[in-house]
Amino acid sequence: MRILITNDDGIYSDGLEALERIAAQLSDDVWVVAPQTDQSGLAHSLTLSSPLRLRTLGEKRFALSGTPTDCVIMATRRLMNSPPDLILSGINVGQNVADDVTYSGTVAGAMEGTMLGIRSIALSQAFDRSKPLKSPWATAEAHAVAVLDKLLKVDLPRGHLLNVNFPAVEPEAVKGIKATRQGVLDYALALEERHDGRGFPYYWLKFGRQTGPAVEASDLAALADGYISVTPLHLDLTAHRLRETLEETFAG
């Protein structure tokens, strides 16, 4: 099995190194193409207005001056002589659940692979700053291979991807795996105005969020209860029930 790894935290992320160790237990043909710098929050974006610069860091290991989406395209269209069988994106520093999947570059890396017809899985490790883990990646490393072994046996329809999140508990405290749906978050967004050395204003986006209304079998609930969350996602964003309503409206 040929595996391609990417992420959005950048080529020097500890989470990427953890995922490389996990992938090495599944295959001896592992490629890494990751952003040169942190690309968190850039979602499924492409670099269209500036050139992409590629650095070779070792055999089958590259850094790209672009987004996770750019990395998947560069790997599959330029670097690899045959496409990968599996794309793993992560391991993200922090959970990617609920509405956050729309912002996530980690999930976007898997989305791009899915668009190319390649089985793709995003992986993220939740953290609780009030209760830091003894080893930040130990939980994901202890359980990821078993989770991936199960997911590789699943018949994944075209246009679908999987979003895996590991709870912020020690490896031995993980209760199991749950198939989940997206939860809901409440967002508190603000722009803080500051001034540079010449007195000109600039702005920092202050991004806060908290758990929203309870959603049955959600990713948020699973993580809070100490379970690994696996959420199936699909690229089709069509609201099919609303489309049927619109058809009836237009027909009338």
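Description of the structure in this document. Computed from a prediction, not measured in an experiment: that's the story for all the values here.

## Some words on the overall build of the protein
Then, number 1: On a plain count of helices and strands, the protein comes out with six helices and eleven strands.
Then, number 2: By the compact-globule yardstick of 18 Å for 252 residues, the protein fits well, its C-alpha radius of gyration being 19 Å.
Then, number 3: Projected onto its principal axes, the C-alpha positions of the protein cover 55 × 55 × 50 Å.
Then, number 4: Out of the 252 residues belonging to the protein, those deemed buried represent 44%.

## Here we look at the environment of leucine 237
Then, number 1: Position of leucine 237 relative to the elements: it lies in the loop between β11 (227-234) and α6 (240-251).
Then, number 2: Leucine 237 sits in the exposed class, given a relative accessible area of 78%.
Then, number 3: On a C-alpha basis, the gap between leucine 237 and methionine 115 in space is 13 Å, while along the polypeptide they are 122 residues apart.

## Considering the side chain of serine 13
Then, number 1: Within the fold, serine 13 resides in the loop between β1 (2-6) and α1 (14-24).
Then, number 2: According to the relative accessible area criterion, serine 13 is buried, its value standing at 7%.
Then, number 3: A polar side-chain atom of serine 13 sits 3.1 Å from the main-chain amide nitrogen of glycine 15.
Then, number 4: Leaving out residues up to four positions away in the same chain, serine 13 has contacts with Asn7 and Val93.

## Focus: the packing of helix α2 (residues 68-79) against helix α3 (residues 105-115)
Then, number 1: Close contact between α2 and α3 brings their axes to 8 Å; oriented N to C, the two are set at 30°. Overall, the two elements α2 and α3 adopt an arrangement that is roughly parallel. As α2 packs across α3, the resulting crossing turns out to be right-handed. The residues of α3 that touch α2, namely those facing Pro68, Thr69, Val72 and Ile73, are Gly105, Ala108, Gly109, Glu112 and Gly113.
Then, number 2: Tallied by class, the residues present in the contact of α2 with α3 amount to four nonpolar, four polar and one charged.

## A few points about the pairing of β1
Then, number 1: Among the five residues that make up β1, five are buried, leaving the element largely enclosed by the rest of the structure.
Then, number 2: Judged by which residues are buried, β1 turns out to be covered on both faces: Arg2, Leu4 and Thr6 on one side and Ile3 and Ile5 on the other are all buried.
Then, number 3: Here β1 pairs with strand β2 (residues 29-35) via four bridges, running parallel. Paired with arginine 2 across the two strands is aspartate 29, which belongs to β2.
Then, number 4: Between β1 and its parallel partner β2, the chain crosses via α1, and the hand of that crossover is right-handed.

## Examining the sheet that holds β11
Then, number 1: Pairing is mixed across the open sheet formed by nine strands, whose spatial order is β3-β4-β2-β1-β5-β6-β7-β11-β8. A single partner strand is all that each edge strand has here, and the edge strands are β3 (54-58) and β8 (176-179). Along the sheet, successive strands turn relative to each other by an average axial angle of 20°, direction set aside.
Then, number 2: The sheet contact formed by strand β6 (residues 119-125) and strand β7 (residues 160-166) spans five bridges and is parallel. What sits directly across from isoleucine 121, in β7, is leucine 162.
Then, number 3: Across the face of the sheet, α1 comes into contact with β1, β2, β4 (61-64), β5 (86-93) and β6 while running at roughly 145° to β5.

## So, a nonpolar patch on the surface
Then, number 1: Together, Tyr103, Leu189, Leu191, Tyr203, Leu205 and Phe207 make up a nonpolar patch on the protein surface, roughly 640 Å² of accessible area in all.
Then, number 2: Tallying contributions element by element places strand β10 (residues 201-211) first for the nonpolar patch, with three residues.
Then, number 3: Considering the arrangement of structural elements, one finds tyrosine 203 in strand β10.

Conventions and cut-offs
Residues numbered from 1 in each chain as written. Predicted model: local features only at pLDDT ≥ 70, side-chain atom pairs only at ≥ 80, totals over all residues. Heavy atoms only, no water. Helix = DSSP H or I, 4+ residues; strand = E, 2+ residues; numbered from the N terminus. Rg over C-alpha atoms; globule rule 2.2 N^0.38 Å. Buried < 20%, exposed > 50% of the residue type's maximum accessible area, 1.4 Å probe, protein only. Polar contact = N/O pair within 3.5 Å; in protein donor to acceptor, adjacent residues only side chain to side chain. Contact = heavy atoms within 4.5 Å. Axes fitted to C-alpha atoms, helices over the stretch in contact; angles between N-to-C directions. Parallel < 35°, antiparallel > 145°, perpendicular 65-115°, else oblique. Left-handed = near helix turned anticlockwise from the far one by under 90°. Nonpolar A, V, L, I, M, F, W, Y, C, P; charged D, E, K, R; others polar. Pairing = 2+ DSSP bridges. Right-handed = clockwise from strand over helix to strand, strands pointing away. Patch = residues over 30% accessible without salt bridge, like charges linked within 9 Å, V, L, I, M, F, W, Y side chains within 5 Å. Areas by Shrake-Rupley, 256 points an atom, 1.4 Å probe, with all protein chains shown as cover. Salt bridge = Lys/Arg side-chain N within 4 Å of Asp/Glu carboxyl O.

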